[in-house]
Amino acid sequence: MIYLSFPKQVIEDWLLPLFQNSHLLADFFSACLYEEGFSSCLRFTVGKNAKIRELPEIMGREQYSPDKYSGEIMIDMLQILLHMLLRDCPDTAVYLPDSPVQEEAAGIIRRISADYANISLKALAAEMGYSVGYCSRYIKQVTGRNFEDILSSVRFQRAEHLLAETDTCLCDISCALGYKNPENFFRSFKKKYGITPGQYRERERTA
């Protein structure tokens, strides 16, 4: 069996964008990033598949005896490993603990994170075939948080990346995150972090 666990920065920077079209991995990566308290592991049963079983061993050797090429090799091999798992044994993947509720929660969070700039509770409810009131209660039941809390978490995670890693102006970031009024973004950001977006960017750039 292979158990997958990754640092959040690795997931956000390249794993989630790379596997956005794979519901299995995108659900898992989205939940890791945006669901508070999510501690599940994604397990694949690979059986006697020698090619898949060999890859983690090679990656382990690279990790413990690194050279200047090891980082790039590890990234390339991880990408190959994930694609092989999706191709050869997707039906064996389960969350640990194996919980249908947790899988449903991951799917909801993935849907919100995939369209955080435009999605609304009303639109999500229509997509799921629920009334707005029932959809709101259902999201709270399976994720432990309400729709707005999840959406805000997704947007703030994205804001952190855009502020720290790009030179995009603050108003454009606000628009990209789905805020109709930049002042709402600035106010919400300061309430959560205690500093303005501009101050956050300056702090991250000088850290």
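Not measured: the values here are computed from a predicted model. Each chain has its residues counted from 1, running along the sequence as written. Totals for whole chains, interfaces and linings use every residue, but because this is a predicted model, local features are given only for residues with pLDDT of at least 70 and side-chain atom pairs only at 80 or more, for both listing and counting. With hydrogens and water excluded, all non-hydrogen atoms of the structure serve as input to the side-chain values.

**Quick word on the overall build of the protein**
To keep things clear, this is the line we draw: By definition, any uninterrupted DSSP run of H or I lasting at least four residues is a helix, any uninterrupted run of E lasting at least two residues is a strand, and each is numbered from the N terminus. To sort residues, take the accessible area from a 1.4 Å probe on protein chains only and compare it with the maximum for the residue type: under 20% means buried, over 50% means exposed, and anything in between is partly exposed. The contact definition used throughout considers only heavy atoms, calling two residues in contact when any of these lie within 4.5 Å. In short, Shrake-Rupley with a 1.4 Å probe defines the accessible areas, and a residue's cover is counted only from the protein chains shown. For the charge count, each Lys or Arg is scored as positive and each Asp or Glu as negative, with His and the chain ends excluded. Charge positions come from single atoms, namely NZ of Lys, CZ of Arg, CG of Asp or CD of Glu.
Looking only at helices and strands, one finds 11 helices and 3 strands in the protein. Structurally, the protein occupies a C-alpha span of about 55 × 45 × 25 Å along its principal axes. Buried residues in the protein amount to 40% of all 207 residues. Considering only residue pairs separated by 6 or more positions, the protein has 63% of its internal contacts joining residues 24 or more positions apart. Within the structure as shown, the protein displays about 11,700 Å² of accessible surface, and the carbon and sulfur contribution to it stands at 51%. Across the protein, the centroid of the 24 positively charged side chains sits 4 Å from that of the 27 negatively charged ones.

**Quick word on the packing of helix H8 (residues 147-165) against helix H10 (residues 182-193)**
Formally: Fitting a line to C-alpha atoms yields each axis, with helices limited to the stretch in contact; the angle taken between N-to-C directions then spans 0 to 180 degrees. Should an angle lie under 35 degrees it is considered roughly parallel, over 145 roughly antiparallel, and from 65 to 115 roughly perpendicular; all remaining angles are considered oblique. Residues were grouped as follows: Ala, Val, Leu, Ile, Met, Phe, Trp, Tyr, Cys and Pro as nonpolar; Asp, Glu, Lys and Arg as charged; and all remaining residues, including Gly, as polar.
Packing of H8 against H10 leaves a shortest axis separation of 12 Å and a crossing angle of 95°. Classified by the interaxial angle, the pair formed by H8 and H10 is roughly perpendicular. Packed against H8, whose contacting residues are Phe156, Ala159, Glu160 and Leu163, the element H10 presents Phe185, Ser188, Phe189, Lys192 and Tyr193 at the interface. Class assignment of the residues belonging to the contact of H8 with H10 gives a composition of 6 nonpolar, 1 polar and 2 charged.

**Considerations on the packing of aromatic side chains**
What counts here: By convention, a stacked pair of Phe, Tyr or Trp rings (six-membered ring in the case of Trp) has centres within 6.5 Å and planes under 30 degrees apart, an edge-to-face pair has planes over 60 apart, and any other such pair is tilted. Charge-over-ring contacts are defined here by two conditions on Lys NZ or Arg CZ: a distance within 6 Å of the ring centre and an angle within 35 degrees of the ring normal.
For the structure on display, the rule yields 13 aromatic pairs. Here Tyr134 and Tyr138 contribute two aromatic rings whose centre-to-centre distance is 6.1 Å and whose plane-to-plane angle is 15°, an arrangement assigned as stacked. Highlighted residues: Tyr134 and Tyr138, both in helix H7 (residues 132-143), separated by 4 residues, approximately one helical turn. Here Tyr138 falls in the buried class, since its relative accessible area comes to 15%. On the numbers, 5.4 Å between centres and 45° between planes, the contact of Tyr179 with Phe185 is tilted. Each of the two residues, Tyr179 as well as Phe185, counts as buried. An aromatic cluster of at least three residues, connected via ring pairs, comprises Phe156, Tyr179, Phe185, Phe186, Phe189, Tyr193 and Tyr200. A cation over an aromatic ring shows up here: Arg155 above the ring of Tyr179, its NZ or CZ 5.0 Å from the ring centre. Seen from the ring of Tyr193, Lys192 lies directly overhead, with NZ or CZ sitting 5.6 Å from the centre.

**Observations concerning the environment of Phe6**
By the element assignment, Phe6 lies in the loop between strand S1 (2-4) and helix H1 (8-18). Since its relative accessible area comes to 18%, Phe6 is described here as buried. Taking the C-alpha atoms as reference points, Phe6 and Val142, 136 residues apart in sequence, are found 24 Å from one another. Residue contacts for Phe6: discarding those within four places in its chain leaves Ile11, Leu15, Phe29, Leu78 and Leu82.

**Quick notes on helix H2 (residues 23-34)**
For the record, the criterion: The length a helix should cover is 1.5 Å for every residue beyond the first.
Counted at 1.5 Å a residue, the expected span for H2 with its 12 residues is 16 Å, and the 16 Å between its end C-alpha atoms agrees. Burial analysis of H2 places 10 of its 12 residues in the buried class, which makes it a mostly covered element. Along H2, the residues that are buried comprise Leu25, Ala26, Asp27, Phe28, Phe29, Ser30, Ala31, Cys32, Leu33 and Tyr34.

**Considering the nonpolar core**
Operational definition: For this analysis, a nonpolar core means a set of buried residues of the types Ala, Val, Leu, Ile, Met, Phe, Trp, Tyr and Cys, connected via side-chain atoms within 4.5 Å.
The biggest cluster of nonpolar side chains holds 56 residues, and the ones touching the most others in it are Phe29 and Leu82. What Phe29 contacts, discounting residues up to four positions off in sequence, is Phe6, Ile11, Leu15, Leu16, Phe19 and Leu82.

**Quick look at the layout of surface pockets**
The following threshold applies: Two kinds of site are reported from a 1 Å grid over the protein atoms alone, namely cavities, where a 1.4 Å probe fits but cannot get out, and pockets, open sets with protein on both sides within 12 Å along at least five of seven lines, and residues are called lining when an atom falls within 4 Å of a point. Grid points are joined across faces, edges and corners, and a volume is the space filled by probe spheres set on the points.
The volume enclosed by the second largest pocket comes to roughly 210 Å³. Forming the walls of the second largest pocket are Glu12, Asp13, Leu16, Pro17, Gln20, Tyr34, Ser113, Ala114, Tyr116, Val154, Arg158 and His161. Secondary-structure elements contributing two or more residues to the lining of the second largest pocket are H1, helix H5 (100-114) and H8. Per-element tally for the lining of the second largest pocket: the top contributor is H1, with 4 residues. Broken down by class, the residue content of the lining of the second largest pocket amounts to 6 nonpolar, 3 polar and 3 charged.

**As for the packing of helix H6 (residues 121-128) against H7**
Where H6 meets H7, the axes come as close as 9 Å, and the angle between the chain directions of the two elements is 90°. If you check the angle between H6 and H7, you find them roughly perpendicular. Facing Leu121, Lys122, Leu124, Ala125 and Met128 of H6, the residues of H7 in contact are Val132, Cys135, Ser136, Tyr138 and Ile139. Considering only residue class, the contact of H6 with H7 consists of 8 nonpolar, 1 polar and 1 charged.

That is the geometry; function is a separate question.
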